[in-house]
Amino acid sequence: NHQKLIKFIIYTTLGFVKLLQKLKKFSIIHTHLKVILTITEATPMKIAVIDGQGGKMGRLLIEKIKTAHPQTEITAIGTNSMATAAMLKAAPTHAATGENAVIVACRSAEIIIGPIGIAIADSLFGEITPAMALAVGQSSARKILIPISKCNNYVAGVEDKSAAELIQAAVSAL
């Protein structure tokens, strides 16, 4: 969201500079703004996709994110090797497996995305350790959690939608 705000400010300012240009009061500002715009666009979003079990949801998330935001830096973190292997099929920028990988990725991610269970200790049939849930919960990253009602976790007030619809809604929230 910070990148979107910066781009909005820069595009608004560029519009103002074009107005000044028409009024013949144009200066070096335009060149500086182009440099700032280039730097902003060259900095990709850092997204951590966390998944467990078979990793199918994570794989689909990565595929959809790459289609919608091709310049994004995606780190796939599986709670087990099978989940990581499945997500690797979607060709993320980086991939890792296990508790420490989740903890480390949560420190540097701008956005964390995955099933809601990644923020609940002992969910995903016990794959989410308390340390993993704590790392997700305490991260300063924006969290996009997909409301999957399994493992004794039910999210009240959420419409019953297919996994594909939930994944599309999550990607749209980026």
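Refer to the structure above for everything that follows.
Residues numbered from 1 in each chain as written. Predicted model: local features only at pLDDT ≥ 70, side-chain atom pairs only at ≥ 80, totals over all residues. Heavy atoms only, no water.

## Re the overall build of the chain
Point 1. Regarding its fold elements, the chain presents eight helices and five strands.
Point 2. What you see in the chain, going N to C, is helices and strands ordered as α-α-β-α-β-α-β-α-β-α-α-β-α.
Point 3. Relative to its full complement of 174 residues, the chain shows a buried share of 39%.
Point 4. Across the chain, contacts joining residues at least 24 apart in sequence account for 68% of those joining residues at least 6 apart.
Point 5. For the chain, the exposed surface amounts to about 10,000 Å²; the carbon and sulfur share of it is 60%. (Helix = DSSP H or I, 4+ residues; strand = E, 2+ residues; numbered from the N terminus. Buried < 20%, exposed > 50% of the residue type's maximum accessible area, 1.4 Å probe, protein only. Contact = heavy atoms within 4.5 Å. Areas by Shrake-Rupley, 256 points an atom, 1.4 Å probe, with all protein chains shown as cover.)

## Points about the side chain of Thr 79
Point 1. In this fold, Thr 79 is placed in the loop between strand E2 (73-78) and helix H4 (81-88).
Point 2. Of the polar contacts made by the side chain of Thr 79, one reaches the side chain of Glu 127; its length is 2.3 Å.
Point 3. In this view, Thr 79 contacts Asp 51, Gly 52, Gln 53, Thr 97, Gly 98, Glu 127, Ile 128 and Met 132; residues no more than four positions away in its chain are not counted. (Polar contact = N/O pair within 3.5 Å; in protein donor to acceptor, adjacent residues only side chain to side chain.)

## Remarks on the pairing of strand E3 (residues 94-97)
Point 1. Of the pairings in the sheet, the one linking E2 to E3 comprises four bridges and is parallel in character. Each residue of the ladder has a partner; that of Ala 76, found in E3, is Ala 95. (Pairing = 2+ DSSP bridges.)

## Here we look at helix H5 (residues 99-108)
Point 1. Every buried residue of H5 is accounted for by Ala 101, Val 102, Ala 105 and Cys 106. One side of H5 holds all its buried residues, which, seen down the axis, span an arc of 130°. Seen from the open side of H5, the exposed residues pointing more than 90 degrees away from its buried face are Asn 100 and Arg 107.
Point 2. On its buried face, H5 sits against strand E1 (46-51), E2, E3, strand E4 (111-115) and helix H7 (130-138). (Arc of directions from axis to C-beta.)

## Here we look at the packing of helix H3 (residues 56-68) against helix H8 (residues 163-172)
A pair of packed helices is characterised by two quantities: the angle between their axes and the separation of those axes.
Point 1. Packing of H3 against H8 leaves a shortest axis separation of 10 Å and a crossing angle of 45°. The orientation of H3 relative to H8 falls into the category oblique. Our pair here, H3 against H8, has a crossing hand that is right-handed. Taking contact as the criterion, the partners of Met 57, Leu 60, Leu 61, Lys 64, Ile 65 and Ala 68 in H3 are, on H8, Ile 167, Gln 168, Ala 170 and Val 171.
Point 2. Of the residues in the contact of H3 with H8, the class split is eight nonpolar, one polar and one charged. (Axes fitted to C-alpha atoms, helices over the stretch in contact; angles between N-to-C directions. Parallel < 35°, antiparallel > 145°, perpendicular 65-115°, else oblique. Left-handed = near helix turned anticlockwise from the far one by under 90°. Nonpolar A, V, L, I, M, F, W, Y, C, P; charged D, E, K, R; others polar.)

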